[in-house]
Amino acid sequence: MSFDTIIRNGRWFDGTGAPSAVRNIGIRDGHVVAISPDRLDETDCPQVIDATDKWVMPGMLDIHTHYDVEVLNGPSLSESLRHGVTTAMLGSCSLSTVHVGGVDAGDLFGRVEAIPREHVIAAVDDNKTWTNCDEYVAALEARPLGPNLAAFIGHSDMRTAVMGLDRATRKDQRPTRAEQARMEQMLTEALDAGFVGMSSMQLLFDKIDGEVCRSRTLPSTYAKPRELRRLKSLLRRTGRVMQSGPDIANPFNLVSQVAQSLGFFRNQLKTSLLSAADVKSNPYAILLMGPLARVINALGGNFRWQHLPVPFEVYADGIDLVVFEEFGSGAAALHLRDEVERHDLLRDAEYRRTFRKDYENKLGVRVWQRDFFDADIVDCPDESVIGLSFGQVGLDRGLHPVDAFLDLVLEHSTALRWRTTISGHRPEVLKKLARDPGIQMGFSDAGAHLRNMAFYNMGLRLLRHVYDAEKAGTPFISVEQAVHRLTGELADWYRLDAGHLRIGDRADVVVIDPAHLDDSLDAYAEETVEQYGGLSRMVNRNDDAVTAVLVGGRTVFADGALTDLVGNQRTGQFLRAAHRVPSISAEDGKLTSVR
């Protein structure tokens, strides 16, 4: 038997959580065809990867990205590839580019996801050749995709295309009967095309960019219960997924979105809700989340929280950070696009009093802990403040922390760079989340917030956390279970042909050197994004930790570098929900299983 690639002597994980073992893996025609404890015949094999002392596992899934814009002009998505992600999900948070045109896409993505609006408009207008979901999938697969893709259809995308952005973001407007029918038709077409489901959003501090509808919330937040019920009924009938972000300030909305997963004389609704479980602003929220998911699932639901498996550390340039949208004075500053107008506002004494009042108000549900003593300056033209918190600067200058922050923003604008950790700051809680079956580990926001965060390596960081505990003799889950959580568990729940490494499975593979799962994973680097006018974005660089990455049996990353395939040839494909590539049986003589 001949092979296209042999991976020799690696510790093999199949993605199911089963015990790992040292095995030799043979790949041919994009699939795994041999798994053996014995050495495979390497005669005429063009590529042999020595994985001695390394882990060989299925490529990881990233179930929450905003690559919808980047994939149009930068389809390699190499920042995810190089960290072992071989399947990325588009269409999160009610946002997709299936139906809207460039200007509407720019308004929807620009401010919410911190992607430069003008580049969103250009990317969509210059590339859009599709008019429906099937054509959209074909357009994606006509590009040199790096990883595989799967997708939600965005509720705000559909609502905007049908109603127009202005009407779709007015409280007194509802879709007409014909418009409702058209949205249902759009969703049906998406499900028929293999989309995993629909994403919506009820969180009220995600704001629209542009001029006409600037600072309104996303279109999906204006949908009434009847509109949502009719769309959800299509998901129930097909067994597809509803992804959403709850209105955290409205307990009824949160509870109703969790409870919607229940059937009770109808099909259950597979539901995944975004969460920042262990937020500093409310350390007790975590006590409710896990038990709530378990109760709903025990009653017959199919519910998951979606969570980042690492500390949620964010960076900001000046005041440009989405958490300021949470309260009135912060949103008022971000509403002003013109820097002169914004700075005039920040100087205003009455505005500052309002900002201080908002900052000091600890009542109500919020994401940001609003503590400038817990916000450290990492770069500034005034080197004397680097390494200090805004609170400390205030003490040194005899100022309220808010005034210290606003003064520095006025003096240095976006040259003032700072960071804070909003959630996931307690390692012992992260351990609990990592083993909670009601929580999915795979939320990176890749492709968005380009100057604010970099979690492309989130899977590697979870594996390090698990591996370090194992070496210390204090394991909280096994490495096999951690691999399963990042691969097969997600693929099976979303019904995708991914996440496993068994005979007949697609050869989406990552080879990891556990010796380099070290502190380098905590650092970030910066890399320019050519299609965004050379914008410098935050990225991760852990090239020693990842030895090789294969997509469909083809090597896309090896020895610390992307291969010539990346950006030039398509290695990934669009994965359709509930779709499986037919396995070739061993009786056909084409596969050999010698586990």
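Before reading on, note that the structure itself is shown above.
Quick caveat: nothing in here was measured; it's all calculated off a predicted structure.

**Quick look at the environment of Asp-53**
Tracing the backbone shows Asp-53 in the loop between β4 (47–50) and β5 (55–58). A residue is classified by how much of its surface remains accessible, and Asp-53, at 67% relative accessible area, is exposed. Between the C-alpha atoms of Asp-53 and Ala-316, which are 263 residues apart in sequence, the distance is 40 Å. Setting aside residues no more than four positions away along its own chain, Asp-53 makes contact with Asn-9, Asp-513 and Pro-514.

**Comments concerning a positive patch on the surface**
On the surface, Arg-177, Arg-226, Arg-229 and Arg-266 cluster together to form a positively charged patch. Turning to its location among the elements, Arg-266 is positioned in the loop between α10 (251–259) and β12 (270–274).

**Some thoughts on the environment of Thr-217**
Take Thr-217: it is sitting in the loop between β10 (197–199) and α9 (225–238). Placed 263 residues apart in sequence, Thr-217 and Glu-480 show a C-alpha to C-alpha distance of 42 Å. Ignoring any residue separated from it by four or fewer positions in sequence, one finds Thr-217 in contact with Thr-169, Leu-204, Asp-206, Lys-207, Ile-208 and Tyr-222.

**What about the pattern of salt bridges?**
If you walk through the whole model with that rule in mind, you get 38 salt bridges. Its salt-bridge partner being Glu-211, residue Arg-337 comes within 2.9 Å of it at the nearest N-O pair. With Arg-337 in the loop between α12 (328–335) and α13 (339–347) and Glu-211 in the loop between β10 and α9, this pair connects stretches of sequence that are 126 residues apart. A relative accessible area of 43% places Arg-337 in the partly exposed class. On the accessibility criterion, Glu-211 (59% relative accessible area) is exposed. Where salt bridges share partners, they join Asp-317, Arg-417, Arg-451 and Glu-526 into one cluster.

Rules of the game
- Throughout, a residue's number is its position along its own chain's written sequence, starting from 1.
- With pLDDT at 70 or above as the cut-off, local features in this predicted model cover only qualifying residues; side-chain atom pairs require 80 or more to be listed or tallied, and sums for whole chains, interfaces and linings still use all residues.
- To get the side-chain values, take all heavy atoms of the structure and skip hydrogens and water.
- Secondary structure follows DSSP: runs of H or I at least 4 residues long count as helices, runs of E at least 2 residues long count as strands, and numbering of each begins at the N terminus.
- Partly exposed describes any residue whose relative accessible area lies between the buried limit of under 20% and the exposed limit of over 50%, with all areas from a 1.4 Å probe on protein chains only and scaled to the type maximum.
- Residues are treated as being in contact if the distance between any of their heavy atoms lies within 4.5 Å.
- The patches reported here contain residues having more than 30% relative accessible area and no salt bridge. Joining distances are 9 Å for like charges and 5 Å for nonpolar side chains (Val, Leu, Ile, Met, Phe, Trp, Tyr).
- Only the protein chains shown count as cover for residues, and the accessible areas themselves come from Shrake-Rupley with a 1.4 Å probe.
- When a carboxyl oxygen of Asp or Glu is within 4 Å of a side-chain nitrogen of Lys or Arg, the pair counts as a salt bridge.
- When charges are counted, Lys and Arg contribute as positive and Asp and Glu as negative, whereas His and the chain ends are disregarded.
- Charge positions come from single atoms, namely NZ of Lys, CZ of Arg, CG of Asp or CD of Glu.

In short, geometric facts, not functional conclusions.
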